[in-house]
Every structure is written in structure tokens, then in C-alpha cells.
Amino acid sequence: MDMDLLAAKVSELAGFVWNGLLLYLLVGTGIIFTIRTRFIQVRKFGAGFRRLFGSVNLNGEKAGKEGMSSFQAVATSIAAQVGTGNITGCATAMISGGPGAIFWMWLAAFFGMATIYGEAVLAQTFKTKDETGHVIGGPVYYIRQAFKGTFGKILAGFFALAIIFALGFTGNMVQSNAISNAFQEALGIPTWIVGVVLAVVAAFIFLGGVTRIASVTEKLVPVMACFYLVGGLVMLIANITNLPHAFALIFEGAFNPQAILGGAVGIGVREAMRYGVARGLFSNEAGMGSTPHAHAMAKVEKPQDQGVVAMVCVFIDTFVVLTITALVMITSGALNVGDMAANPAAENMAQVAFSTVFGSFGNFYVAICLLFFAFSTIIGWYFFGEQNVKYLFGVKAVKVYACIAVVCVALGAVLEAPLVWNLSDLFNALMVFPNLLALLALSGLVAKAARGGARPDGHRRRSPKWIWPQRHRIPCSGKQRTALRWRGCWAQRLRRRDLWSASPCGSTLGSSRSFSTLIGADLHPVL
């Protein structure tokens, strides 16, 4: 079969999966989690925001066997989420669905915040340790908890293979290709030189393990975010008079796109929803099963603590970075709403937009941003694949995986392989299904965790039985309670190590052990 024809067929299949069943499943799962967690993304957004920005540290503690800090986990997650999709993907959505696609991106991200809360909570709850004693976690482990036996093993194995191929190998080829093309267009640097440099730097980071990955992402992510946001704000200030009109186009285009685009372009509400939701979910990765690998590594007191922080990651990706990109393209006039057919290609729209204010520096600025975004994604996606290599093949296979990933980074910079890109899209879509099935099966545990009234691993504590008097309530069994009442004693809990001390009828009894001997049993709480 002709390779071009095969690539077209794979692309058609990937488009059907992404734009058909998968979109409904992802959004539907987000709605279910939003309802079951009682709008956790609204109730706990402030707590997540404070927890995230209260732990920012560009030189935090070294990650090791016990995992990494919460901020390092968040930085690794954002490194994977904020990629070329935040620039090129945003342009693609607006060219195909009009400015109204941005509104549907926002809506999908709102529900996606509840989904990613569930992913982070479950990843934290069911994380474990590998044969070397290092903390490891991710969807494969909660998939096995959701579905016991052979079915669970098959689902987890399929997910692991899909994510290794889709992110660790072909996904990173796509990212390095975007970087090399951007620098070739902006500075005329040959793609093979860019590929060699990327491969060398990537090898240095990959072979350093989780310690080096966490150290790099905690520094790279804040820097790249500030660099892009400053440039975006400069653009918006320069075009501030067009800002109200841009928001009007977004909201009107979401519900009546033909009023601003005209019926001839064939863009209706359905297209705005389809492309907005699809590109938004692909960008923030909520429900895809990728970012839970990072959140599982966080050292937190409760799984819920990392869950609320994970929600903020989706907010930053979509409501901050993607929104600024969209507003820059609309306010600068790079997106030609009056004549959609005259728009530049999606991969060039950002350069056109920033060049309207920055001049020739605009191309270089976008190339630097793409370098930050795409290379941080390479680091994050490699790490996600590594966790699944450990699950399937053990720790010894990690070095082999790292070498293959480095080769993919180098080759991706110089190759144009539509079949590989399309296969990456297809496996990106297919790996979502096992993850969503497990999320729905374990949604009850997530709901309990969100309410804060039960342990998220499903174990419940029985309510202790209490004895009189009110001032000295202690939990005890029926036998212990009878003994206490028979002797007319008041018990007072001093400390857990010595158990209990008591005073019968006002006279102090010696030690807690002596009192336990009198009543014939240790006064342990009954749970």
C-alpha cells in the first residue's frame, strides 16, 4: 500500500476517534466528576492556587526515592501540558472553528479541571514503589485497582504501550520537528544542527533520572511562563483598543458564528464546538492519563492536596496561556475574521501576530517560545513514558528507553513523516479509553475524597463508641465500657504511647497498665 495513502487512512481514523466518541467521553467524564465532587474546581480553586504559589521554589529539595516536591510535580505536569498546542493548536482551532472555538475551549477546560482532580487523587492513592524502592505511580496502577484479573492487566498493558509510543517516541519527534522548523524559518539554522543540539541536551536530562528532570522543570517552567506572558501582555497593551471587540467575537462566534464570519465559510456552532473542545482537551491533557504520572510523585499529606493543585495546572494551560495566544492573534489582526480563507497557515499565525508589534524580532521571539514550550513537553512526555517502561519491563529497561527517545528527538528534527505523526495522534486517542474507564469505575472514591469525609482508598473507619462523661469522652469497646461503669471510673486520655490513665471515684489510680490490668483489657480505641 502507498505510504501516503496509509498516512491518510490513519489520519482519517484518528480524526474520527478524536472528534467523535472521544470528545463526548472526555467532556461527559468531566461533567460527571464535576457533579460528583460538587464543583470541586470552584470550591477548592482558591486552596489550589494558594498551595501552588505558596510552594514555588526554583531551587527546591532534590527529588529522590520518596518522590519530588508538590511544586516539582506541578512543574513537570505543566511542562508537558504547555506545548506547541498552545500556539499552533490555538491557531488551528480558530481557523477551523472561528473565534468562538475559544469559548468552547474554556468550557472543556472547566470540566477538565474536575477530571484531572480525579486523576491526581487516584494516582496519589494507588502509587507504589519499584524494585529499587523509588516511588512510582500513574494510571496503570489505578486501572489495575479498578479492574481486577486479566481484564485489568490487558487494559493497563495497552495503556502503557500506547503512551510509550504516543508520547515517549513519536510525540517527542513531533515536538523536536516544531522546534527545528521554527529556528530554520527565524534564523536559517539547518534542522540537523538543531536536532543534534536537542538530542545532546535531552540525553543529559534523561540519563539524570527523576532528580535531574525535577530540577530542570522547576526552573524552566516559571521562566518560560514569564517570558511568554510578558510578551503576550505587551502585545495586548499595544492593541488594547481591540480587546473588547476580541471578546465580543469569541462569545458571539460561540453561538452565532455565521453572524461574524458569514455562511459561505461553512463554520457553524458545531464546528466551533468540535475544534474548540478537541484542541483544548489535547492541550491541557485532562483525562488523557499523562499528567497523573507527575502528580503521583508529589510528597503531600493527602491525595486531595495534590488534586487541587492539579486543577490549577489546567487553568494555567487553557485560561491563561491559550487565552493570551488567542487574544494576541485576534487583536493584532493576524486572524482575518472577514476573510477566513486569507488567513496564514496555523503554524505561522503566531509569527505574523507578534511581528505586527515586535517587527522582525517577532519571528525570533516565537521561535524562542516554541523552544521553551516544545522542549519542556519533551521532558515531561519522556518522564511519563519512563514510568510505564518500568511497569512493563522493569527498571533495567529505562536506559534502553532513554537511548531510543534521544534518537527519536534527533530524527524528528529532520524528518517529515506524516504517517508517524498520524500514528502518534491515533495512539494519543486510544490511550485515553482505558484511563477514562478506570476513572469512571473509581469515581466514587474521588467523590469521597472531594467531600473530605472518607479515605480515598475506599477503607472506612467505623464510628467509635463513646462513654460518659462528656468532658472525658474516649472511644472504647463494649467490654471496656462495662468495666469502666462497673468500677465507676472516669477515664482520661493522656497520650497514645501510654494508652490511658484514669481516676476511680476521685482517687488517682497508678499507671495506665495497672488500670488496664484491673479491667482485664488494654483500653485501645476500637476502629
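Here, the structure is the one placed above.
Think of each chain on its own: its residues are numbered from 1, step by step along the sequence as written. At least 70 in pLDDT is required for a residue's local features to be given in this predicted model, at least 80 for side-chain atom pairs to be given and counted, and no such filter applies to totals for whole chains, interfaces and linings, which use all residues. Values shown for side chains rest on all heavy atoms present in the structure; no hydrogens or waters enter the calculation.

## Some words on a positive patch on the surface
Right, so step 1: A patch is a set of surface residues, each over 30% in relative accessible area and not in a salt bridge, joined within 9 Å for like charges and within 5 Å for the nonpolar side chains Val, Leu, Ile, Met, Phe, Trp and Tyr. Only the protein chains shown count as cover for residues, with accessible areas throughout obtained via the Shrake-Rupley method and a probe of 1.4 Å. A side-chain nitrogen of Lys or Arg and a carboxyl oxygen of Asp or Glu constitute a salt bridge if their distance falls within 4 Å. Residues counted as positive are Lys and Arg, residues counted as negative are Asp and Glu, and His and the chain ends are not counted. Charge positions are represented by NZ for Lys, CZ for Arg, CG for Asp and CD for Glu. Together, R36, R38, R43, K44, R50, K302 and R451 make up a region of like positive charge exposed at the surface.
Right, so step 2: Tracing the chain through its elements places R50 in helix α3 (residues 45–53). Under the scheme used here, helices are H or I runs from DSSP no shorter than 4 residues and strands are E runs no shorter than 2 residues, and both carry numbers assigned from the N terminus.

## A closer look at the environment of G276
Right, so step 1: With respect to the helices and strands, G276 occurs in helix α13 (residues 269–284).
Right, so step 2: Each residue gets one of three labels from its accessible area relative to the maximum for its type: buried under 20%, exposed over 50%, partly exposed in between, using a 1.4 Å probe on protein chains only. In this structure G276 comes out as buried when scored by relative accessible area, which is 0%.
Right, so step 3: Distance from G276 to M105, taken between C-alpha atoms, is 4.8 Å for residues 171 residues apart in sequence.
Right, so step 4: Contacts of G276, omitting those with residues within four sequence positions, involve A101, W104 and M105. Contacts between residues were defined by any pair of non-hydrogen atoms, one from each residue, lying within 4.5 Å.

## Considerations on the pattern of salt bridges
Right, so step 1: Evaluation of the coordinates by the stated rule reveals 4 salt bridges.
Right, so step 2: We note a salt bridge from K390 to E386, for which the minimum N-O separation is 3.9 Å. With K390 and E386 both in helix α17 (residues 361–393) and 4 residues apart, the pair spans about one turn of that helix.
Right, so step 3: Given a relative accessible area of 17%, K390 falls into the buried group.
Right, so step 4: One network of salt bridges, with partners in common, ties together D130, E386 and K390.

## Examining the environment of L6
Right, so step 1: Structurally, L6 can be placed in helix α1 (residues 3–36).
Right, so step 2: The class of L6 is partly exposed, set by a relative accessible area of 30%.
Right, so step 3: A C-alpha to C-alpha distance of 7.2 Å links L6 and L419, two positions 413 residues apart in sequence.

## Some remarks on the packing of aromatic side chains
Right, so step 1: Centres within 6.5 Å are what make two rings of Phe, Tyr or Trp a pair, Trp counting through its six-membered ring; a difference in plane orientation under 30 degrees is then read as stacked, over 60 as edge-to-face, and the rest as tilted. Counting across every chain of the model gives 27 aromatic pairs.
Right, so step 2: The interplanar angle of 55° and the centroid separation of 5.9 Å between the aromatic rings of W106 and F251 together place this pair among those described as tilted. One end of the pair, W106, is in helix α6 (residues 101–125); the other, F251, is in helix α11 (residues 243–255), and 145 residues separate them in sequence.
Right, so step 3: The partly exposed category is assigned to F251, whose relative accessible area is 40%.
Right, so step 4: Here F110 and F111 contribute two aromatic rings whose centre-to-centre distance is 5.4 Å and whose plane-to-plane angle is 70°, an arrangement assigned as edge-to-face.
Right, so step 5: Through a chain of ring-to-ring contacts, the aromatic side chains of F227, Y228, F354, F358, F361, F364, Y365, F372 and F373 assemble into a single cluster.
Right, so step 6: Above the face of the F204 ring, R212 is positioned so that its terminal group lies 4.2 Å from the ring centre. Note on criteria: charge over ring means Lys NZ or Arg CZ within 6 Å of the ring centre, with the direction from the centre no more than 35 degrees off the ring normal.

## A closer look at the packing of α11 against helix α15 (residues 303–331)
Right, so step 1: Angles run from 0 to 180 degrees between N-to-C directions of axes, and those axes are lines fitted to C-alpha atoms, restricted for helices to the stretch in contact. Packing of α11 against α15 brings their axes to within 9 Å, and their N-to-C directions diverge by 110°. Viewed along their axes, α11 and α15 adopt a mutual orientation that is roughly perpendicular. Handedness of the α11/α15 crossing: right-handed. Contacts between α11 and α15 involve L243, A246, F247, L249 and I250 from the first element and L327, I330 and T331 from the second.
Right, so step 2: Class assignment of the residues belonging to the contact of α11 with α15 gives a composition of 7 nonpolar, 1 polar and no charged. Relative orientations are named as follows: roughly parallel for angles under 35 degrees, roughly antiparallel for angles over 145 degrees, roughly perpendicular for angles from 65 to 115 degrees, and oblique for any other angle. By the definition used in this description, the sense in which the near helix is turned from the far one sets the handedness, with an anticlockwise turn below a right angle giving left-handed and a clockwise turn giving right-handed. Throughout this entry, Asp, Glu, Lys and Arg are counted as charged residues, while Ala, Val, Leu, Ile, Met, Phe, Trp, Tyr, Cys and Pro are counted as nonpolar. The remaining residues, Gly among them, count as polar.

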